[in-house]
Every structure is written in C-alpha cells, then in structure tokens.
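# Examining the three-dimensional arrangement
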Amino acid sequence: MTVYFIGAGPGDPDLLTLKAQRIISRCPVCLYAGSLVPEAVVGEAPADARVMDTAPMTLEDTHAEILTAHKAGQDVARVHSGDPSLYGAIAEQIRLLRRDGIDYEIIPGVPAYAAAAAALGQELTIPEIGQSIVLTRMSMKSTSMPAGETLENFAKTGTTLAIHLAIRNLREIERQLIPYYGEDCPVVVAYRASWPDQLFIRGTLSDIREKVRAAKITRTALIMVGPVLGEVKDFKDSALYDPATPHVLRPKVKT
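Since we're looking at a predicted model, the values are computed, not measured.

Parameters at a glance
Residues numbered from 1 in each chain as written. Predicted model: local features only at pLDDT ≥ 70, side-chain atom pairs only at ≥ 80, totals over all residues. Heavy atoms only, no water. Domains from an automatic or database assignment. Buried area = accessible area lost by both parts, 1.4 Å probe. Salt bridge = Lys/Arg side-chain N within 4 Å of Asp/Glu carboxyl O. Polar contact = N/O pair within 3.5 Å; in protein donor to acceptor, adjacent residues only side chain to side chain. Core = buried A, V, L, I, M, F, W, Y, C linked by side-chain atoms within 4.5 Å. Buried < 20%, exposed > 50% of the residue type's maximum accessible area, 1.4 Å probe, protein only. Helix = DSSP H or I, 4+ residues; strand = E, 2+ residues; numbered from the N terminus. Contact = heavy atoms within 4.5 Å. Phe/Tyr/Trp six-rings, centres within 6.5 Å; stacked < 30°, edge-to-face > 60°. Lys NZ or Arg CZ within 6 Å of the ring centre and 35° of its normal. Pairing = 2+ DSSP bridges. Axes fitted to C-alpha atoms, helices over the stretch in contact; angles between N-to-C directions. Expected span 1.5 Å × (residues − 1). Arc of directions from axis to C-beta.

### Some thoughts on the domain arrangement of the protein
Interface size, as often reported, equals the accessible area lost upon joining of the parts. When the domains of the protein are assigned, the result is domain 1 (3-107) and domain 2 (112-229). Computed from C-alpha atoms alone, the centre-to-centre distance between domain 1 and domain 2 is 28 Å. Three residues, Pro10, Leu86 and Tyr87, lead the burial of domain 1 against domain 2; their summed loss comes to 60% of the area buried on that side. Along the contact surface separating domain 1 from domain 2 lie zero salt bridges. Summed over the shared surface of domain 1 and domain 2, the result is five residue pairs in polar contact (both at pLDDT 80 or more).

Below, the structure is given as structure tokens:
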C-alpha cells in the first residue's frame, strides 16, 4: 500500500489536480484536514471508503489509522490544504512512515499565495518592482522559528512577503516592517482564498490592522506585503518577449 500526501489547494475543489482527484477516487481510506479542507474535496472518495476528519486527531491517532490500513493493504489518501510542502506538517508523518517501512508519495497542490494572486488578478513578480517572494510565518503559539528567520531579517530585502499563520499578530508585523517598507507600503489580507466566502482586504502597513479588526478576521488568512501589491503601472516590460533580447527559441531580429 501507499500513503499519498495530497495537496488539496486553497479550498476550491476545482483547483484540485487531476492526479489528486484520481487518487482520492480510488483510495479506500481518506484522512483529510477538515479545518482547512472542504468536504467537497474528498467527495470523490469511494462510497464505501473510510473518510475521517483529522482536525481533532493527534499525530499518533492518524498514524494508527495508517498502520491499520497498511495491515489491510489499503492505500491512504492523506489530504492537506494548499501544497503539502509548505506548512503541511508532513515531515513528522513521513518520519513515522519511514520508521515503519511504509511507502508514500507527495502530490503537489495550489498554494494559498498563488490562489490569492489569481483572485487579485495580478502577477507577484513585476520587473524592477519585485522579483522575489518570501514565504514565512510567525511563531506566536505555534512552533518557534529558527534563529535568523525573523520577519525583520526578511524585511531588509524589501521583497514581497507572504506571511502565514499571523493574522492575530498584525501589530507586531507593523512594528517590524514599517521601518523597512514605510507606513504606506501596500498590504493585502487574503481570507479563505478561493472559498465561496473569500474576502480580500487591501490597505497599508499603517491601517491594515484596523481594517482587519473591522472585518472580524481572526483565522485562515494570508498576509501579503510589498510594493507589487499596489497600483503599479509604470514598469519595464519583461525581457522574455522583448525582440531585442534573443534566446534559443527566438533568434535576434535582423534590422
């Protein structure tokens, strides 16, 4: 048997990959993170499948279900939100699978920042404005951050930040980022991107906290910070399609 770690994407079942959908539809056991993954995502599971919401379960609980499936020779669809490589908490699950000699495979999914950018109708890497994205989070009550991976250190680069698991820590985000980005730096808070009730709150580092408080957003939100999120109109075209910039598939135009 095999355990398939499946990225369910940000929420919209239509953003599930064909491969992910195909695996879910044939696995006799489906364990999904119900706090972030809609039931519709696992709706394609076989009618007689064992489908369990793992939100109230511990690591030991979920592994016990996998061990039971392993003994029965049953494949397991382990469904996580977004892409499982990013804050998917799969590393500790993989460690147990390797310990017990259980095969696994990872199926990537659409990450929240990509879904947010799509809904906003924009590119996040604009020539000469921003060409990098830092995906990070803040400690708060969850796992601590490694030394050096601080918001302030990332802020020194001036690049676009996609901050996870930090919607209740906007005051600290303001304090650390304003000295580097300025009070007027654009901010977008993406709440439940791609869900039917998705909400996008635009503001700046100086006013986003009050706007989020007024909207009563306290969880399931991504904070994005950087100049590319503003009304950027005056920027240089990418060299990708520039006739004066030849590459292997497009020889230099003769003049």
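### Here we look at the nonpolar core
Ranked by internal contacts, the top residues of the largest apolar core, which has 25 residues, are Leu161, Ile163, Ile173, Leu177, Ile223 and Val225. Elements supplying a minimum of two residues to this core: α5 (151-155), β7 (160-164), α6 (170-181), β8 (186-191), α7 (208-215) and β10 (221-225). Considering each element in turn, this core owes the most residues, four residues, to α6. Ignoring sequence-local partners within four residues, the contact set of Ile173 consists of Met138, Leu151, Ile163, Ala166 and Ile223. Core analysis: the next-biggest nonpolar cluster, separate from the first, contains 19 residues, Tyr4, Ile6, Leu16 and Ala45 among them.

### Thoughts on the side chain of Thr159
With respect to the helices and strands, Thr159 occurs in the loop between α5 and β7. On the basis of relative accessible area, Thr159 is assigned to the buried category, the value being 11%. Of note is the side chain of Thr159, whose polar atom sits 2.6 Å from the backbone oxygen of Ser132. When residues no more than four places from it in sequence are discounted, the contact partners of Thr159 are Ser132, Ile133, Val134, Tyr181 and Val225.

### Section: the packing of aromatic side chains
The tally for this structure, following the rule as stated, stands at one aromatic pair. One residue, Arg192, lies across the ring of Trp195, its end atom 3.8 Å from the ring centre.

### Topic: the sheet that holds strand β2 (residues 29-32)
Strands sit in the order β3-β2-β4-β1-β5 across an open sheet of five strands; the sheet is parallel. Strands with a single pairing partner mark the edges of an open sheet, and in this sheet they are β3 (50-53) and β5 (103-107). In this sheet, neighbouring strand axes are inclined to one another by 15 degrees on average, regardless of whether the strands run parallel or antiparallel. Strands β1 (2-7), β2, β3 and β4 (76-80) of the sheet are contacted by helix α2 (residues 59-72), whose axis makes an angle of about 165 degrees with β2.

### Things to note about unusual backbone geometry
The residue Ala89 is not glycine, and still its phi comes out positive at about 55 degrees. Mapping Ala89 onto the fold places it in the loop between β4 and α3 (91-99). Look at Ala89 and you get partly exposed, because its relative accessible area is 45%. With a phi close to 85 degrees, Ser194 is a non-glycine residue in the positive phi region. Secondary-structure assignment places Ser194 in the loop between β8 and β9 (199-204).

### Let's talk about α2
In this model α2 runs 20 Å from its N-terminal to its C-terminal C-alpha over 14 residues, within 8% of the 20 Å that 1.5 Å per residue would give. Buried residues of α2: Thr62, His63, Glu65, Ile66 and Ala69, and no others. Angularly, the buried residues of α2 cover 155 degrees about the axis, an arc narrow enough to put them on a single face. Facing away from the buried surface of α2 by more than 90 degrees, the exposed residues are Glu60, Thr68 and Lys71. Residues of α2 that are buried sit in contact with β1, β2, β3, β4 and α3. Count one or two residues on from α2 and you reach Gly73, which has phi positive near 70 degrees.

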